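What the coordinates show
So the chains spell out like this:
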Amino acid sequence: MLKTLEYTDGIVRMIDQTKLPVETVYVDCKTSGEVADAIKTMVVRGAPAIGVAAAMGVSLGAQSINTDDPKQFAEELEQHCSVLAASRPTAVNLFWAIERMKKVAESCMNGSIEKAKETLKEESIRIWKEDIEINKAMGKHGQELVPDNSTILTHCNAGALATAGYGTALGVIRAAVEAGKKVRVFADETRPFLQGARLTAWELKEDDIPVRLITDNMAGYFMRTGEVDLIVVGADRIAGNGDVANKIGTYSVAVLAKEHGIPFYVAAPTSTLDLSLDNGDQIPIEERSAEEVTHIGGKRFAPEGIEVAHPAFDITPNALVHAIITEKGVVRPPFKENLRKAKAQ
Ligand code: MRU
């Protein structure tokens, strides 16, 4: 199985997602700051993968602390956590993972610092392992929504590369294939960062799952010609009412799906649920650089000095979402009530 990231011998090794599929190179992070940079520059990206990377980053930070004083250890650990938390704002898995690591650190404060460091390392590896299991469970539940002989449209990359392995939306597709169903995929290229063209198309092709790459503005055409049976996407954060933050362009896909009567599903682990937020308007939307819009592969194609807008995510209102596929099962409206039940399970 493709290894998005792994943690051995004091190094967090990540496949460099800015270089795929042209080059397969790895980036070694030895400090929490290097992990934060890798998240910021999207060497590692995708909500669950960002969460796992952050947990490993907290562990790297802990290993580097040189003190026997628990108070000093806690203060320095907090600094490492702050650096990681400042890397990207939208995917809640980042904050979820940091909080989980902090709680583990607190529970260790009566023992030795050496033991705490070991426990934090183990916890980050546990988060990594759990993520793969969660994705497989999500796949099992989600594949039941996939009819045999169907065509699925997906946006961005919610695959093995966006997680510790297997994927969320692509996990559902993989599970449908494993259940013996015949499926085809339309992968939106996903401008401006091209996660669909570079990563989803690559992952599915590697797995021999039939995939056709389309530019984002072709999605409506294929929905109108009746060639799309369902949509499955991932999520970066889901508010308490079921509003979904996902890669910019997801909202347009959802509106088109409604117009054409096509089911729109979101696959996400319960760690992506942010029940502290009433609705999607409260989700912080990351604004990324103008250069990601004006350049492709380092080459400028827009006029120099042009004003650019670049929200990296958008909000799909809950009314456009047919169901949210989680590791606990398929959650349907009313989301406010049912997401709470799923999270509490
Ligand atoms: O900016 P990215 O590439 O980190 O955005 C990724 C997405 O929007 C994914 O759809 C989402 O994180 C779900 S990944 C399982």
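Computed from a predicted model, the values in this text were never measured in an experiment. (Residues numbered from 1 in each chain as written. Predicted model: local features only at pLDDT ≥ 70, side-chain atom pairs only at ≥ 80, totals over all residues. Heavy atoms only, no water.)

Read across the sheet, 3 strands follow the order β1-β2-β3 without closing on themselves; strand pairing throughout is antiparallel. Looking at strand neighbours, the two that pair on one side only are β1 (5-8) and β3 (26-29), the edges of this open sheet. Each strand axis lies, on average, 20° off the axis of its neighbour in the sheet, ignoring direction. Of the strand pairs in this sheet, strand β2 (residues 11-15) and β3 are connected by 4 bridges, and their pairing is antiparallel. (Pairing = 2+ DSSP bridges. Helix = DSSP H or I, 4+ residues; strand = E, 2+ residues; numbered from the N terminus. Axes fitted to C-alpha atoms, helices over the stretch in contact; angles between N-to-C directions.)

In this section: the domain arrangement of the chain. As assigned here, the chain comprises domain 1 (5-136) and domain 2 (140-344). A straight line from the C-alpha centre of domain 1 to that of domain 2 covers 25 Å. When domain 1 packs against domain 2, close to 2600 Å² is buried across both sides, 58% of that on carbon and sulfur atoms. Where domain 1 meets domain 2, there are 1 salt bridge. Across the pair Arg88 and Glu286 runs a salt bridge whose closest N-O atoms are separated by 2.8 Å. Summed over the shared surface of domain 1 and domain 2, the result is 18 residue pairs in polar contact (both at pLDDT 80 or more). (Domains from an automatic or database assignment. Buried area = accessible area lost by both parts, 1.4 Å probe. Salt bridge = Lys/Arg side-chain N within 4 Å of Asp/Glu carboxyl O. Polar contact = N/O pair within 3.5 Å; in protein donor to acceptor, adjacent residues only side chain to side chain.)

Around the ligand sit 19 residues, and of these Arg45, Gln195, Asp236, Asn246 and Lys247 come closest. In this structure, Arg45 approaches the ligand through a side-chain N or O atom, which is 2.8 Å from an oxygen atom. Here an oxygen atom of the ligand and a side-chain polar atom of Asp236 are 2.8 Å apart. In isolation the ligand has 410 Å² of accessible area, and contact with the protein removes 100% of it. Among the detected pockets, the ligand sits in the largest cavity. Among the elements of the structure, α2 (47-63) and β9 (244-247) are those that each provide at least two residues to the shell around the ligand. Its residues placed into classes, the shell around the ligand shows 8 nonpolar, 7 polar and 4 charged. If you count residues domain by domain, the shell around the ligand takes at least three from each of domain 1 (5-136) and domain 2 (140-344). (Near = heavy atom within 4 Å. Areas by Shrake-Rupley, 256 points an atom, 1.4 Å probe, with all protein chains shown as cover. 1 Å grid on protein atoms, 1.4 Å probe; cavity = no way out; pocket = protein on both sides within 12 Å on 5 of 7 lines; lining within 4 Å. Sits in = over half its atoms within 2 Å of the grid points. Nonpolar A, V, L, I, M, F, W, Y, C, P; charged D, E, K, R; others polar.)

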